[in-house]
Amino acid sequence: MAWIASLIGDGWRMAVMSLVSLALGYVLTIVFHQFAGLHVDLAYAIAVLTCSMVNFFGCRYWVFQGHRGGLLTEGGKFFSSILLFRAIEIFAFSRITDWLDNYHAAYFLTACIAVCLKFIAFRTFVFRRRPGS
């Protein structure tokens, strides 16, 4: 039962953090594209990198509460895994944008798919916590 409660709590916090990160990344993408004049793919990439920093600290200290792993150890695992995730996300965003011809819809679709995959990977490999740790 503790494992299920932990999974639900982690999942809920990941969803909230992901929504905050999604909003931040979306706003940054619009600002960099619409107002700074960057190509939409570059604007998205910069927004994703910025949100990655926010997400590491959010995951470490709020989503997967506890301090079982060292900061550098978890940081190394997180950022090495996030590089792969981000590369896949940027590629997927670009392809979905081509398919939908709407970068707004592509942004949200990419984010929904990515958050589910990241939750599984982060909980399993990066922020391995036991209830009460």
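Residues numbered from 1 in each chain as written. Predicted model: local features only at pLDDT ≥ 70, side-chain atom pairs only at ≥ 80, totals over all residues. Heavy atoms only, no water.

Novice: Mind showing me how you'd approach the overall build of the protein chain here?
Specialist: Looking only at helices and strands, one finds four helices and zero strands in the protein chain. When the helices and strands of the protein chain are read in sequence order from the N terminus, they spell out α-α-α-α. The C-alpha radius of gyration of the protein chain comes to 15 Å, within 12% of the 14 Å expected for a compact globule of 133 residues. Taking the principal axes of the C-alpha coordinates as reference, the protein chain spans close to 45 × 30 × 20 Å. Buried residues in the protein chain amount to 41% of all 133 residues. (Helix = DSSP H or I, 4+ residues; strand = E, 2+ residues; numbered from the N terminus. Rg over C-alpha atoms; globule rule 2.2 N^0.38 Å. Buried < 20%, exposed > 50% of the residue type's maximum accessible area, 1.4 Å probe, protein only.)

Novice: I'm lost on the layout of surface pockets in this one. Help?
Specialist: Space left empty within the atom packing is revealed by a probe, the size of a water molecule, rolled over the atoms. By volume, the largest pocket amounts to about 350 Å³. As for the largest pocket, its lining consists of 24 residues, and the residues nearest its centre are Ser18, Ser21, Leu22, Ala111 and Lys118. Mapped by element, the contributors of at least two residues to the lining of the largest pocket are α1 (2-35), α2 (40-63), α3 (71-100) and α4 (103-126). Sort the elements by how many residues they give to the lining of the largest pocket and α1 lands first, with eight residues. Split by residue class, the lining of the largest pocket holds 17 nonpolar, four polar and three charged. (1 Å grid on protein atoms, 1.4 Å probe; cavity = no way out; pocket = protein on both sides within 12 Å on 5 of 7 lines; lining within 4 Å. Points joined across faces, edges and corners; volume = space filled by probe spheres on them. Nonpolar A, V, L, I, M, F, W, Y, C, P; charged D, E, K, R; others polar.)

Novice: So what exactly am I meant to see when it comes to the state of the cysteines here?
Specialist: Each disulfide consists of one covalent bond between the sulfur atoms belonging to two cysteines. Scanning the model with the defined rule gives zero disulfides in all. For the unlinked cysteine cysteine 51, the closest cysteine sulfur is that of cysteine 59, found at 12 Å. Residue cysteine 116 stays outside any disulfide, its sulfur separated by 7.3 Å from that of cysteine 112, the closest cysteine. (Disulfide = S-S within 2.5 Å.)

Novice: Got a minute to help me understand the confidence of the model for the protein chain in this structure?
Specialist: Caution is warranted with low-pLDDT regions, since their predicted coordinates should not be read in detail. Confidence in the prediction for the protein chain averages 87 pLDDT; 94% of positions are at 70 or higher. In the model of the protein chain, α4 stands out as the element of lowest mean pLDDT, 88, in contrast to α2, which has the highest, 91. (pLDDT = per-residue confidence, 0-100.)

Novice: Looking at this structure, how should I read the nonpolar core?
Specialist: Soluble globular proteins: nonpolar side chains tend toward being buried together. Met14, Cys59, Phe64, Phe78, Phe122 and Phe127 are the most contacted members of the largest nonpolar core, which totals 14 residues. Of all the elements in the fold, those that place two or more residues in this core are α1, α2, α3 and α4. Counting residues in hydrophobic clusters, the runner-up holds nine residues, among them Leu22, Tyr44, Phe93 and Ile96. (Core = buried A, V, L, I, M, F, W, Y, C linked by side-chain atoms within 4.5 Å.)

Novice: What is the right way to look at the pattern of salt bridges in this model?
Specialist: Two side chains bearing opposite charge may form a pair once their charged atoms approach each other closely. Overall, the coordinates contain five salt bridges when judged by the stated rule. In this structure, arginine 13 and aspartate 10 form a salt bridge, with 2.7 Å as the shortest nitrogen-oxygen distance. In this pair, arginine 13 and aspartate 10 are both assigned in helix α1, three residues apart and thus about one turn of the helix distant. In this pair, the class of arginine 13 matches that of aspartate 10, namely buried. Glutamate 74 is the salt-bridge partner of arginine 60, the closest N and O atoms lying 2.4 Å from each other. Linking arginine 60 in helix α2 with glutamate 74 in helix α3, this pair joins segments that are 14 residues apart in sequence. Within the structure, one salt-bridge network assembled from shared partners comprises Asp10, Arg13 and Arg123. (Salt bridge = Lys/Arg side-chain N within 4 Å of Asp/Glu carboxyl O.)

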